[in-house]
Amino acid sequence: QGGVTLLFDRASARLASGLAIDYVSGPDGGFKIDNPNLPARVRSVTAPELKKLLDEKSPLRLYDVRGEQERAIAQIAGSRPFDAQALAELEKLPKDTAMVFICHHGLRSQAAAEQILQRGFRNVYNLRGGIEAWSTEVDPSVPRY
């Protein structure tokens, strides 16, 4: 069937083990590369995607990195503060535990999620647009501030 042969130097070859390259057609198509050897990274989740996960009762932990005053204004049901107690609980969890971090606009939660990656967790998400996106795209009853 033809195919393409890729050659790697010795230093890169170990990083290519298990590499999968596929072509996706369509307007947003192109090459899709899946490399299981890359380090874990924080993935982005949109507000509607998070809503779907919560509605499906997907096993995940939802951490809110905002301070107490901000959480008092607006919050997503089921979220828990990302504080010292949460950090202590994290240490006991399996490293593949799914967790989503939220803040006001998604910047502070991205930083917190990056810290969690450094602790060896691999299934870490950041709510793109934060609680602001949740209010505007999912639940307008959640106050904006």
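So, here is what we can say about the structure in this document. It should be emphasised that the depicted structure is a prediction, and the values quoted were computed from it without experimental measurement. (Residues numbered from 1 in each chain as written. Predicted model: local features only at pLDDT ≥ 70, side-chain atom pairs only at ≥ 80, totals over all residues. Heavy atoms only, no water.)

### A few points about the pattern of salt bridges
Pairing between side chains becomes possible if they bear opposite charge and their charged atoms approach one another. In plain terms, the rule: The salt bridge criterion pairs a side-chain nitrogen of Lys or Arg with a carboxyl oxygen of Asp or Glu, the two atoms within 4 Å. Accessible area is worked out with a 1.4 Å probe on protein chains only. A residue is then buried under 20% of its type maximum, exposed over 50%, and partly exposed in between. Strands are runs of DSSP state E lasting at least 2 residues, helices are runs of H or I lasting at least 4, and numbering of each runs from the N terminus.
Applying the stated criterion across every chain yields a total of eight salt bridges. Its salt-bridge partner being Asp-64, residue Arg-66 comes within 2.6 Å of it at the nearest N-O pair. By relative accessible area, Arg-66 is classed as buried at 1%. The exposure class assigned to Asp-64 is buried, which follows from its relative accessible area of 0%. Across the pair Arg-108 and Glu-70 runs a salt bridge, and its minimum N-O distance is 2.8 Å. One end of the pair, Arg-108, is in helix 5 (residues 107-118); the other, Glu-70, is in helix 3 (residues 68-73), with 38 residues separating them in the sequence.

### A look at the side chain of Asn-126
The test is simple: Any two residues having at least one pair of non-hydrogen atoms within 4.5 Å are treated as being in contact.
If you trace the backbone, Asn-126 turns up in strand 7 (residues 124-127). Take Asn-126: its relative accessible area is 5%, and that puts it in the buried class. In contact with Asn-126, not counting residues within four places along its chain, are Val-42, Arg-43, Ser-44, Val-45, Phe-101, Gly-106, Ser-109 and Gln-110.

### Thoughts on the environment of Gly-106
Considering the arrangement of structural elements, one finds Gly-106 in the loop between strand 6 (99-102) and helix 5. For Gly-106 and Phe-8, which are 98 residues apart along the polypeptide, the C-alpha to C-alpha distance reads 38 Å. Gly-106 has contacts with Asn-126, Leu-127, Gly-129 and Gly-130, leaving out every residue within four places of it along the chain.

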